[in-house]
Amino acid sequence: MGGSVAMALRAQGWYVSGVDRVDAACRRGVELGAFDAIGPDPTADLTFVCTPVLSVAELALEALDHGGIVTDIGSVKAPIVSAVDHPRFIGGHPMAGSEQDGIEGSDPAMFQGRTWVLTPTSKTDSQAFATLYTVISAMGAQVVSVPPERHDELVAVVSHVPHLAASTLMGVAADGAEEHAALLRLAAGGFRDMTRIAAGHPAIWMDICSANRTAIVSVLDRYIEELSAVRSIVDTEDRPALLHRLERARAARLNLPVGAPPPADLVEFRIPIPDRPGFIAEISTLASELGVNIFDIEISHSMEGGGGVLVAIVSASFADLLRGGLVARGFRSSVTRLESK
């Protein structure tokens, strides 16, 4: 993941210096075009901490001592954001990856069209957030903002428990294969798709399950209850109940979000910056709660005084929804279609 971030940054024209506890990994990163140089850069404008989650906080605090914006890519956010309580730190989590290990698995296109979660707080520096938002969007990712605690609850459902479920199902199949040699040869596309994530590196999941234990256990309890209900439906041959569950799941799967609309279908929101802290976290998380994707964001500072304007680009079809949410929160805004600018 770190190598993919580095390659994606270099593709955008950034000068990238890489650090790894294994020197050979950095040297290989230079050979593969991930890094321009090896070693810490105290003048870096932006630092991505790409390590297992339990080591992120210490390294992020070290990077903050040098100045610049600092973020991470860990899949657990609340304990990290709490430990790194600093305006220039924004917790991050790209919902992407592959089953390949190490620098050899790096891919500059890994984040194209994928969701990248940011978790700003009331203390987050607005300009730092806007800069990071723009950099990540330039990698092709779609940025979503949620509070750190909410992030951990959500990823337990969409990432952590699915990985454990896939690994468990793969274990069931492996046990059966020991008795029936032909079993895994019968594995069709559906089985392979569902268990693909079980091929991910096991070591990182020790830290993830420890750091997000409460949310994971809660979702596992719900999942076990639902599996028990499905077991009962199948056992009693309750065809209407089974059909209802399958149709509901199919509809939900087909309605998963897709990519950005064309520019002609986008609008620009201009929101005066209020004189209170945490406004950018409030606006960005409001948009995510409403299901409104912000495709780009920037802070336009006033030439006079300390005011300015938050500029956000969203789909025109969600403009009324976001405007209403902003009004309810006490924000003023103006909206202009991009095609008319």
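Rules of the game
- Residues numbered from 1 in each chain as written.
- Predicted model: local features only at pLDDT ≥ 70, side-chain atom pairs only at ≥ 80, totals over all residues.
- Heavy atoms only, no water.
- Helix = DSSP H or I, 4+ residues; strand = E, 2+ residues; numbered from the N terminus.
- Contact = heavy atoms within 4.5 Å.
- Areas by Shrake-Rupley, 256 points an atom, 1.4 Å probe, with all protein chains shown as cover.
- Lys, Arg positive; Asp, Glu negative; His and termini not counted.
- Charge placed at Lys NZ, Arg CZ, Asp CG, Glu CD.
- Salt bridge = Lys/Arg side-chain N within 4 Å of Asp/Glu carboxyl O.
- Pairing = 2+ DSSP bridges.
- Axes fitted to C-alpha atoms, helices over the stretch in contact; angles between N-to-C directions.
- Buried < 20%, exposed > 50% of the residue type's maximum accessible area, 1.4 Å probe, protein only.

**Q** So what exactly am I meant to see when it comes to the overall build of the protein here?
**A** Scanning the protein for helices and strands turns up twelve helices and eleven strands. Excluding contacts between residues fewer than 6 apart, the proportion of contacts in the protein whose partners are at least 24 apart in sequence is 66%. On the protein, roughly 18800 Å² of surface is accessible, and the fraction owed to carbon and sulfur atoms is 55%. In the protein, the 27 positive side-chain charges and the 41 negative ones have mean positions that sit 5 Å from each other.

**Q** Is there a simple way to think about the pattern of salt bridges in this case?
**A** Two side chains of opposite charge can pair, provided their charged atoms sit close to one another. Taken as a whole and judged by the stated rule, the model has eleven salt bridges. Measuring nitrogen to oxygen at the nearest pair gives 3.4 Å for the salt bridge that ties Glu289 to Arg329. Note that Glu289 is positioned in helix α11 (residues 279–289) and Arg329 in the loop between α12 (319–328) and β11 (334–337), a separation of 40 residues in sequence. The network of salt bridges with shared partners includes Arg28, Glu31 and Glu104.

**Q** Whenever I open this one, the sheet that holds strand β5 (residues 89–94) confuses me. Can you help?
**A** The strands that make up a sheet pair up through hydrogen bonds in the backbone, lying either parallel or antiparallel. Strand order in the open sheet made by the five strands is β3-β4-β5-β6-β7, with mixed pairing throughout. Each having just a single partner strand, β3 (46–49) and β7 (142–145) make up the two edges of the open sheet. Adjacent strand axes in the sheet meet at a mean angle of 30° when their direction is disregarded.

**Q** Would you mind going over the pairing of strand β10 (residues 308–315) with me for this structure?
**A** For a regular strand, side-chain orientation follows a simple rule: the groups alternate between the two sheet faces. In terms of burial, β10 is largely enclosed, as seven of its eight residues are buried. Sheet topology places strand β8 (residues 266–272) next to β10; seven bridges connect them, and they run antiparallel. Within β10, the residue paired with Glu268 across the bridge is Ile313.

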